[in-house]
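Structural description and commentary
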Amino acid sequence: MFDSNYRTTNKTAWQGRIDSQTDFDAFRWHQWVKNIDLNKMDLEPFTGKLGFAFIGFCCDEGVKRNKGRTGAARGPRSIRKELANLPCRFSQEVKLFDAGNIFCENITLEESQALLSQAIDKILSLNLFPIVLGGGHEVAFGHYNGIRKHFSNNNAKPNIGIINFDAHFDLRPYPNGGTSGTMFRQIADICNDENLNYSYFALGIQKHRNTVNLFKTADELGAKYIVAKDIVDSDIWRLLDKLDDFIKLQDHIYITICTDVFSSAYAPGVSATQPLGLDPERVLKFLKYIFKSNKVISFDIAEVSPRFDQDNTTSNLASVLIFTVIETLCRINNLALLD
């Protein structure tokens, strides 16, 4: 199925403190996660109550093309290291799987995105919830295409909404190929070509990071957005009403987070730092609210760049966001151990 640019995860990626070898209440994620190889043809669909599959996208070729600071290709390993010691606050009926990594080595960005698309389709077909660890935000193009492919198998015109936490629209033109700043325009073009609904909502947009043309493009495409200043200053319930209006129109929702949406005080290790970015606590409230819609079917986090991080602050933040995703879904499914 995949070439040498797909590899299972090295066992050393999941190591950490062990408080008990037998008491599940003392377990940490590294004791519970199991590797799976998506190349195996005999993989059976997950039949348990709730299963998650991590997959890394070890690529920042899109960041390079976008003239950004490269380094996010090493993000997946750094994030896994922070995930390893998180506590298992869920029932043993919840399963964690590591589906390996997609690499962009001696192949094009487009080829690596196509590999990710295949992997996402396979993970969804296994009845697992994909959690993709970036990598540059070009991860979103491959991720979306995998979701679209999967749901197109059963529905000729899947209705997929994208919610993007990001300082940038990522709606730039792409005459010379895609980058980490073009994905949602590429997706808009696919939707137009295939007569699909283009449903895109960006939260955390920075006025000083987007040209007037990009704001006009967003409006022309019918994209919804909330600028960072309004998230900081406005009443959260008014903003949640805007989200509600968007969520109601979707059958499925894909959430993507570019870590440059956060203030550099919380996320220094990104391709483009934001001194006036968002507070993670507010983003967590939005995340929990969106997940309670029961429409979220996939999640990724992008632009974690260990090369520029300080004391693993950004990787640690990514792990907290992923922890919140899993714990929220466990609560929704009555599989959480504690309130």
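Let us look at the structure shown here. (Residues numbered from 1 in each chain as written. Predicted model: local features only at pLDDT ≥ 70, side-chain atom pairs only at ≥ 80, totals over all residues. Heavy atoms only, no water.)

Grouped together as the largest cluster of nonpolar side chains are 62 residues, with contacts concentrated most on W29, F165, I255 and I322. No other element matches helix α11 (residues 313–332), which puts nine residues into this core. Excluding its chain neighbours within four sequence positions, the residues that come into contact with W29 are W14, F54, L83, A84, L86, P87, C88, F90, L96, I322, F323 and I326. Residues Y6, L115, V227 and I297 belong to the second largest nonpolar core, which totals 52 residues. (Core = buried A, V, L, I, M, F, W, Y, C linked by side-chain atoms within 4.5 Å. Buried < 20%, exposed > 50% of the residue type's maximum accessible area, 1.4 Å probe, protein only. Helix = DSSP H or I, 4+ residues; strand = E, 2+ residues; numbered from the N terminus. Contact = heavy atoms within 4.5 Å.)

Quick look at the side chain of K122 now. With respect to the helices and strands, the residue K122 is situated in helix α4 (residues 109–125). Of the side chains with opposite charge, D37 lies nearest to the buried K122, which makes no salt bridge, at 7.5 Å. At a separation of 2.7 Å, a polar atom in the side chain of K122 contacts the main-chain carbonyl oxygen of L38. Ignoring any residue separated from it by four or fewer positions in sequence, one finds K122 in contact with M1, L38, K40 and L43. (Lys, Arg positive; Asp, Glu negative; His and termini not counted. Salt bridge = Lys/Arg side-chain N within 4 Å of Asp/Glu carboxyl O. Polar contact = N/O pair within 3.5 Å; in protein donor to acceptor, adjacent residues only side chain to side chain.)

Take the packing of helix α5 (residues 139–152) against helix α6 (residues 183–193) next. Packing of α5 against α6 brings their axes to within 9 Å, and their N-to-C directions diverge by 30°. Comparing their axes, α6 and α5 come out roughly parallel. In this structure, α5 crosses over α6, and the sense of that crossing is right-handed. Residues A140, F141, Y144, N145 and R148 of α5 touch α6, and the partners they reach there are M183, F184, Q186, I187, I190 and C191. Looking at the contact of α5 with α6, its residues break down into eight nonpolar, two polar and one charged. (Axes fitted to C-alpha atoms, helices over the stretch in contact; angles between N-to-C directions. Parallel < 35°, antiparallel > 145°, perpendicular 65-115°, else oblique. Left-handed = near helix turned anticlockwise from the far one by under 90°. Nonpolar A, V, L, I, M, F, W, Y, C, P; charged D, E, K, R; others polar.)

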